[in-house]
Amino acid sequence: MVLVDLPPDDLRQRLKEGKVYVGDRAERAIENFFRKGNLFALRELALRRTADRVDDQMRAWRDASGREERVWHTRDAILLCIGANTGSEKLVRIAARLAAKLGSEWHAVTVETPTLHRQGEARRRGILRTLQLAQKLGSVTATLSEPDEAKAVLRYAREHNLGKIIVGRPPQRRWALPNSFARRLSRLGPDLDLMIVALDDVPDVHAAPRIDTHLSPDKLRQKARGCLAATALCALITLVSKLILPDFSPINLVMVYLLGVVLIAIGFGRLPSVVAAILNIVAFDLFLSRRKALLPSAMRSIW
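Caption draft 1: Main features of the overall build of the chain. The helix and strand tally for the chain stands at 12 helices and five strands. Taken across its 303 residues, the chain has 35% of its residues classed as buried.

Set out below in structure tokens:
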């Protein structure tokens, strides 16, 4: 492909000088087809077609040389992630407006995980409606099958050279942990631009209540870290209470243990807090229960 580019004013001047058409044909061409707006549009089409050709050559070279580990930011291309909790009409329309403003292509994908298969049919239909809306607004849509959502999204982004990823952030409690999916994307794909969009707290009347009994590997690691933190905090409280606070009454020590349970619950959730409560009861009983009569009330306080 050879691109021959000429500014519209120069081309119109060549027409007036008779270097393209002669006589009345040049005047008619200037007034009809060779209007300035038409020439601007044709020039943009030619440049875009050439850029697409170069992009195809770059992708072919990456595939042949095996260098797909990073995305080349040669142009602004957007990848929208649609999930059970992060896909909404607002998110799709924001991605479509951004793509139109940048003049770039955009893709919308959803990942079919074992957790998604166990959810209600109404929720899966909601994801399908969101994908259909994205397709109507000009997106390339795809459904991926992978147990790990983050790895599937990153592989798709690198295969299609998409440098900007948009994810939704559902409303969370005040003390909730940040979006683990977004954290994993940023850790596994440091070469990608990650955009997090806050979603409205609007209940989905079409979705069935979510009953998720499956723990993803990321959630399992989070729970394990919480249990380790509960064990470490229990040991620290016991050591401090045994060595530094030996004259504290059992009731005050119970409040210190209770504070540890609250901190674990805020930072790591329900299961680690239950583990912390059990460990605190056992530690108090073994090391600090100098007044056995207060142990039942201490157990009730911790629980």
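So much for the structure itself; the text now carries on.
Caption draft 2: Summary view of the sheet that holds strand β2 (residues 106–112). Strand order across the open sheet formed by five strands is β3-β2-β1-β4-β5, with parallel pairing between neighbours. Unpaired on one side and paired on the other, β3 (140–145) and β5 (193–198) mark the two borders of the sheet. Strand-to-strand, the axes of this sheet are offset by a mean angle of 25°, without reference to chain direction. Here strand β1 (residues 78–81) runs beside β2; their pairing, made up of four bridges, is parallel. Its bridge partner being in β2, Cys81 is matched across the sheet by Val109.

Caption draft 3: The arrangement of the layout of surface pockets in detail. Reported here for the second largest pocket is a volume of approximately 240 Å³. Surrounding the second largest pocket, 13 residues form its lining, Arg48, Ala51, Asp52, Arg75 and Gly103 being those nearest its centre. For the lining of the second largest pocket, the per-class residue count stands at four nonpolar, three polar and six charged.

Caption draft 4: Just the packing of aromatic side chains, in detail. Under the counting rule described, the total for this entry stands at two aromatic pairs. Between the aromatic rings of Phe33 and Phe34, the centroid separation amounts to 5.2 Å while the plane-to-plane angle is 85°, which identifies the pairing as edge-to-face. Between Tyr257 and Phe284, the ring centres sit 6.2 Å apart and the planes meet at 90°, which makes this aromatic pair edge-to-face. Here Phe284 lies in helix α11 (residues 270–288) and Tyr257 lies in helix α10 (residues 250–268), a separation of 27 residues in the sequence. Under the relative-accessibility criterion, Phe284 is labelled buried at 1%.

Caption draft 5: A look at helix α7 (residues 149–159). Every buried residue of α7 is listed here: Ala150, Ala152, Val153, Leu154, Tyr156, Ala157 and Arg158. In this structure Asp148 caps α7, since a side-chain oxygen of it lies 3.1 Å from the backbone nitrogen of Ala150. Where α7 ends, the next residue or the one after it, Asn161, has phi of about 55°, a positive value.

Caption draft 6: Region of the structure containing the pairing of β2. Across the seven residues that make up β2, a large majority, six, are buried. Note that β2 and β3 share six bridges and pair parallel. Paired with His107 across the strands is Val140, a residue of β3.

Caption draft 7: Quick look at the environment of Ala277. In this fold, Ala277 is placed in helix α11. As for Ala277 and Tyr257, which are separated by 20 residues in sequence, their C-alpha atoms are 8.1 Å apart.

Caption draft 8: Highlighting unusual backbone geometry. Of note, the phi angle at Asn161 is positive, near 55°, even though the residue is not glycine. Under the relative-accessibility criterion, Asn161 is labelled buried at 3%.

Caption draft 9: Focus on a nonpolar patch on the surface. Among the surface-exposed residues, Val274, Ile278, Val282, Leu286 and Phe287 lie close enough to one another that they form a single nonpolar patch of about 450 Å² accessible area. Among the structural elements, Val282 can be located in helix α11.

Caption draft 10: Summary view of helix α4 (residues 89–102). In this model, α4 (14 residues) spans 20 Å end to end at C-alpha, consistent with the 20 Å of a helix rising 1.5 Å per residue. Tucked into the core, α4 has its buried residues touching β1, β2, α6 (121–136), β4 (164–169) and β5. Looking one or two places after α4, you find Gly103, whose phi comes out positive at around 65°.

Caption draft 11: Expanded view of the pattern of salt bridges. This structure, assessed with the given rule, holds 10 salt bridges. Between Arg184 and Asp148 there is a salt bridge, and its shortest N-O distance comes to 2.7 Å. Linking Arg184 in helix α8 (residues 180–188) with Asp148 in the loop between β3 and α7, this pair joins segments that are 36 residues apart in sequence. According to the relative accessible area criterion, Asp148 is buried, its value standing at 15%.

Basis of the calculations
- Residues numbered from 1 in each chain as written.
- Predicted model: local features only at pLDDT ≥ 70, side-chain atom pairs only at ≥ 80, totals over all residues.
- Heavy atoms only, no water.
- Helix = DSSP H or I, 4+ residues; strand = E, 2+ residues; numbered from the N terminus.
- Buried < 20%, exposed > 50% of the residue type's maximum accessible area, 1.4 Å probe, protein only.
- Pairing = 2+ DSSP bridges.
- Axes fitted to C-alpha atoms, helices over the stretch in contact; angles between N-to-C directions.
- 1 Å grid on protein atoms, 1.4 Å probe; cavity = no way out; pocket = protein on both sides within 12 Å on 5 of 7 lines; lining within 4 Å.
- Points joined across faces, edges and corners; volume = space filled by probe spheres on them.
- Nonpolar A, V, L, I, M, F, W, Y, C, P; charged D, E, K, R; others polar.
- Phe/Tyr/Trp six-rings, centres within 6.5 Å; stacked < 30°, edge-to-face > 60°.
- Polar contact = N/O pair within 3.5 Å; in protein donor to acceptor, adjacent residues only side chain to side chain.
- Patch = residues over 30% accessible without salt bridge, like charges linked within 9 Å, V, L, I, M, F, W, Y side chains within 5 Å.
- Areas by Shrake-Rupley, 256 points an atom, 1.4 Å probe, with all protein chains shown as cover.
- Salt bridge = Lys/Arg side-chain N within 4 Å of Asp/Glu carboxyl O.
- Expected span 1.5 Å × (residues − 1).
- Contact = heavy atoms within 4.5 Å.

None of this, on its own, says anything about what the molecule does.
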